[in-house]
Amino acid sequence: MLIDSHCHLDFPELAAEEDAVVTRARDAGIAAMLTIGTRLDSFDKVRAVAERHANIWCSVGVHPHEAKEEGQRTPDRLVALAQHPKVVGIGETGLDYFYEHSPRDEQAASFRAHIAAARESGLPLIVHTRDADDDTAAILRAEMARGAFTGLIHCFSSGPVVAQAALELGMSISISGIVTFKAAEALRGIVRDIPLDRLLVETDAPYLAPVPKRGKRNEPAFVAHTAAKVAELKGVSMAELEQATTDNFFRLFTKADRNVLAA
Ligand SMILES: [Zn+2]
Ligand SMILES: [Zn+2]
């Protein structure tokens, strides 16, 4: 049993065949999925996906790419939307200096508002960070000092500075299909050093399909390829990896009811 801790089932590439995507995931042993919010003006669609399936939860947030248009200055709207029973996390939020679709200061302000929402709601923060290692680590450390929150770094592709900060702050780290890419040797080195009880796996579908599906549209069923690579790096069996990542998911996303999986 595996859980895809980060996918975008509302994106058109997947929404067009939602039921088939969910069925293929089940057939591949994917017990549950977390579909992620990226804009508040499309959050209704994200939540609707979660409402249609017992084993799909969702998050609410504004992606750093969207900070220019929808960046939050206060946690209020996020906290209000997070009241819904299927909303189990805050994000994705963070800093993306690779694309830099939004000014850095607006990304940072919205990131801090999301952290405040995570603190206030008690839900874990889902952090997106790319080419922004030092600023991401600095904000997480500064905000944790102001008041505790939980969370994870999703689609981890940063260097040791972010991994170290996340682990020290009690956060988890979610690994995507990037870990299967030939050029990702540095990432594989970091994954080997992440304690098994802090690891999650994800697809970030429809993007970043793992080898051997690389280049295709990604979907939750493919997370098994990523999990197999992580098991290899950690030197554990696939069964151990499945158990650990599933336990880790429910320990972090405490609002997600594990009992629905048995139903
Ligand atoms: Zn992301
Ligand atoms: Zn995402």
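Because the structure is predicted, anything quoted here is derived from the model rather than measured.

Caption draft 1: Region of the structure containing the coordination of the zinc ion (ligand 2). Donor atoms from the polypeptide that bind the zinc ion (ligand 2) are His6 (NE2), His8 (NE2), Glu92 (OE) and Asp204 (OD), placed at 2.0 to 2.7 Å. Coordination at the zinc ion (ligand 2) is irregular: its four donor atoms span angles of 86 to 174° at the metal. Summarised as a motif, the one-chain spacing of the donors to the zinc ion (ligand 2) is H-x1-H-x83-E-x111-D. Between the zinc ion (ligand 2) and the zinc ion (ligand 1) the interatomic distance comes to 3.4 Å, and glutamate 92 is a ligand of both metals. Of this pair, histidine 8 sits in the loop between β1 (2–7) and α1 (12–15) while aspartate 204 sits in the loop between β8 (199–201) and α10 (223–234), placing them 196 residues apart in sequence. As far as the burial class goes, histidine 8 and aspartate 204 line up, both buried.

Caption draft 2: Representation of the coordination of the zinc ion (ligand 1) within the structure. The protein atoms donating to the zinc ion (ligand 1) are Glu92 (OE), His128 (ND1) and His154 (NE2), with metal-donor distances spanning 2.0 to 2.1 Å. Considered as a linear motif, the donors of the zinc ion (ligand 1) on their single chain read E-x35-H-x25-H.

Caption draft 3: Layout of the sheet that holds strand β7 (residues 172–175). Taken in spatial order, the eight strands line up as β1-β2-β3-β4-β5-β6-β7-β8 in an open sheet, and their pairing is parallel. Sheet topology places β1 and β8 at the edges, where each strand pairs with a single neighbour. Taking each pair of neighbouring strands and ignoring which way they run, the sheet shows an average axis angle of 30°. In the packing of helix α7 (residues 133–146) onto the sheet, the strands contacted are β4 (87–96), β5 (125–130) and β6 (151–153), and the crossing angle to β5 comes to about 155°. Helix-sheet contacts for helix α11 (residues 238–252) involve β1, β2 (30–35), β3 (56–60), β6, β7 and β8, and the interaxial angle to β1 is about 55°.

Caption draft 4: Representation of the packing of aromatic side chains within the structure. Inspection of every chain in the model, using the stated rule, returns six aromatic pairs. Between phenylalanine 11 and tyrosine 207, the ring centres sit 6.0 Å apart and the planes meet at 65°, which makes this aromatic pair edge-to-face. Pair noted here: phenylalanine 11 is in the loop between β1 and α1 and tyrosine 207 is in the loop between β8 and α10, with a separation of 196 residues, a long-range link. Residue classification places phenylalanine 11 among the buried positions, given a relative accessible area of 14%.

Caption draft 5: Layout of the nonpolar core. Formed by 67 residues in total, the largest nonpolar core has its most connected members in Leu125, Leu140, Phe156 and Ile175. Once residues within four sequence positions are removed from consideration, isoleucine 175 is found in contact with Phe156, Val191, Ile194, Leu199, Leu200, Val201, Glu202, Thr226 and Val230. Judged by nonpolar contacts, the second largest core, of 14 residues, contains Ile36, Phe249, Phe250 and Phe253.

Caption draft 6: Layout of α7. Counted at 1.5 Å a residue, the expected span for α7 with its 14 residues is 20 Å, and the 20 Å between its end C-alpha atoms agrees. Looking only at α7, the buried set comprises Thr136, Ala137, Ile139, Leu140, Glu143 and Met144. Seen end-on, α7 carries its buried residues on one side only, within an arc spanning 165°. Counted as exposed and oriented over 90 degrees from the buried face of α7: Asp134, Ala145 and Arg146. Looking at the buried side of α7, the elements it contacts are β4, α6 (104–121), β5, β6 and α8 (160–168).

Caption draft 7: Region of the structure containing the layout of surface pockets. Put simply, the largest pocket is a space of about 530 Å³. What lines the largest pocket is a set of 23 residues, among which Asp96, Tyr99, His128, Arg130 and Asp204 lie closest to the centre. If you tally residues by element for the lining of the largest pocket, the top one is β5, at three residues. Considering only residue class, the lining of the largest pocket consists of six nonpolar, nine polar and eight charged.

Caption draft 8: A look at the environment of aspartate 193. The topology assignment puts aspartate 193 in helix α9 (residues 185–193). Take aspartate 193: its relative accessible area is 65%, and that puts it in the exposed class. Sequence separation of aspartate 193 and phenylalanine 222 is 29 residues, and the distance between their C-alpha atoms is 24 Å.

Thresholds applied
- Residues numbered from 1 in each chain as written.
- Chains lettered and ligands numbered in written order.
- Predicted model: local features only at pLDDT ≥ 70, side-chain atom pairs only at ≥ 80, totals over all residues.
- Heavy atoms only, no water.
- Donors = N, O, S within 2.8 Å, 3.2 Å for Na, K, Ca; no water.
- Tetrahedral: all angles 85-135°; square planar, octahedral: opposite > 155°, others 65-115°.
- Helix = DSSP H or I, 4+ residues; strand = E, 2+ residues; numbered from the N terminus.
- Buried < 20%, exposed > 50% of the residue type's maximum accessible area, 1.4 Å probe, protein only.
- Pairing = 2+ DSSP bridges.
- Axes fitted to C-alpha atoms, helices over the stretch in contact; angles between N-to-C directions.
- Contact = heavy atoms within 4.5 Å.
- Phe/Tyr/Trp six-rings, centres within 6.5 Å; stacked < 30°, edge-to-face > 60°.
- Core = buried A, V, L, I, M, F, W, Y, C linked by side-chain atoms within 4.5 Å.
- Expected span 1.5 Å × (residues − 1).
- Arc of directions from axis to C-beta.
- 1 Å grid on protein atoms, 1.4 Å probe; cavity = no way out; pocket = protein on both sides within 12 Å on 5 of 7 lines; lining within 4 Å.
- Points joined across faces, edges and corners; volume = space filled by probe spheres on them.
- Nonpolar A, V, L, I, M, F, W, Y, C, P; charged D, E, K, R; others polar.

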